[in-house]
Amino acid sequence: MTREELVSRYRELVLGELPRRARAEGWVVTADHCFGRIVLDHAVGGRWYDVLDRRRSPAFAQLDDDRLAAAVALADRIAAEGDPLLRELDRQSLVWRGKPTTTR
């Protein structure tokens, strides 16, 4: 995929398809910004805002091509596997932030 195609697919999944499916299917996370947090965290291996400039938006546009491809692949995997995978990824994202994970 070209960078333009990756950006388009990222937007399609994270801002549209995943939140829509999550609401319809009762997934643990439903907001697009939460999907963004989870996917970006895993793309950089920690809190995305420790690696990317949180003042420059959108954050995903700051990813290099390899990390952007990894983010899209992970979002595609969430679309394929659904809530069970999302729960694992969300839990790790929250651990990186020092937030409680038992409530989800």
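Student: Where do I start with the overall build of the protein chain in this structure?
Tutor: When helices and strands are counted, the protein chain shows four helices and zero strands. Moving toward the C terminus, one meets the helices and strands of the protein chain in the order α-α-α-α. Against the globule reference of 13 Å for 104 residues, the protein chain gives a C-alpha radius of gyration of 13 Å, in line with a compact fold. Along the three orthogonal principal directions, the C-alpha set of the protein chain runs to about 35 × 30 × 20 Å. The 104 residues of the protein chain split such that 43% are buried. A fraction of 60% describes how many contacts in the protein chain between residues 6 or more apart in sequence connect residues 24 or more apart. Total accessible area on the protein chain stands at roughly 5,800 Å², and carbon and sulfur atoms take up 46% of it. On the protein chain, the mean spot of the 18 positive side-chain charges and the mean spot of the 17 negative ones are 7 Å from each other.

Student: Please clarify how the nonpolar core should be interpreted in this entry.
Tutor: Generally speaking, soluble globular proteins have nonpolar side chains that are buried together. Judged by nonpolar contacts, the single largest core of 31 residues is most densely connected at Y10, L18, F35, L63 and I78. Secondary-structure elements contributing two or more residues to this core are α1 (3-25), α2 (32-44), α3 (65-81) and α4 (83-96). If near-sequence neighbours (up to four positions away) are discounted, I78 is found in contact with L18, W27, F35, V39, L85, L86 and L89.

Student: I would appreciate a short explanation of the packing of aromatic side chains in the present structure.
Tutor: We describe a pair of aromatic rings using the distance from one ring centre to the other and the angle between the two ring planes. Under the defined criterion, the tally for this structure stands at three aromatic pairs. Ring geometry for W48 and Y49: centres 5.7 Å apart, planes at 80°, overall edge-to-face. A cation over a ring is seen here: R54 above Y49, with NZ or CZ 4.1 Å from the ring centre.

Student: What exactly am I supposed to notice about α2 here?
Tutor: Every α-helix winds through 3.6 residues per turn, so residues three or four apart in the chain are directed the same way. Over its 13 residues, α2 extends 18 Å from the first C-alpha to the last, a length consistent with the 18 Å expected when each residue adds 1.5 Å. Where burial is concerned, most of α2 is hidden: 10 out of the 13 residues are buried. When α2 is considered as a whole, its buried residues turn out to be C34, F35, G36, R37, I38, V39, L40, D41, A43 and V44. In this fold, the buried residues of α2 make contact with α1, α3 and α4. One or two residues past the end of α2 sits G45, with phi positive at roughly 80°.

Student: I would appreciate a short explanation of the packing of α1 against α3 in the present structure.
Tutor: Angle between the axes and distance between the axes: these two values describe a pair of packed helices. Two elements in contact, α1 and α3, have axes whose closest approach is 9 Å; the angle formed by their N-to-C orientations is 30°. The orientation of α1 with respect to α3, classified from their angle, is roughly parallel. For the pair α1 and α3, the crossing hand works out as left-handed. Contacts from R3, L6, V7, R9, Y10, L13, V14, E17, L18 and R21 in α1 reach D65, L68, A69, A71, V72, A75, D76, I78 and A79 in α3. Residues of the contact of α1 with α3, tallied by class, amount to 13 nonpolar, no polar and six charged.

What counts, and where the lines are drawn
Residues numbered from 1 in each chain as written. Predicted model: local features only at pLDDT ≥ 70, side-chain atom pairs only at ≥ 80, totals over all residues. Heavy atoms only, no water. Helix = DSSP H or I, 4+ residues; strand = E, 2+ residues; numbered from the N terminus. Rg over C-alpha atoms; globule rule 2.2 N^0.38 Å. Buried < 20%, exposed > 50% of the residue type's maximum accessible area, 1.4 Å probe, protein only. Contact = heavy atoms within 4.5 Å. Areas by Shrake-Rupley, 256 points an atom, 1.4 Å probe, with all protein chains shown as cover. Lys, Arg positive; Asp, Glu negative; His and termini not counted. Charge placed at Lys NZ, Arg CZ, Asp CG, Glu CD. Core = buried A, V, L, I, M, F, W, Y, C linked by side-chain atoms within 4.5 Å. Phe/Tyr/Trp six-rings, centres within 6.5 Å; stacked < 30°, edge-to-face > 60°. Lys NZ or Arg CZ within 6 Å of the ring centre and 35° of its normal. Expected span 1.5 Å × (residues − 1). Axes fitted to C-alpha atoms, helices over the stretch in contact; angles between N-to-C directions. Parallel < 35°, antiparallel > 145°, perpendicular 65-115°, else oblique. Left-handed = near helix turned anticlockwise from the far one by under 90°. Nonpolar A, V, L, I, M, F, W, Y, C, P; charged D, E, K, R; others polar.

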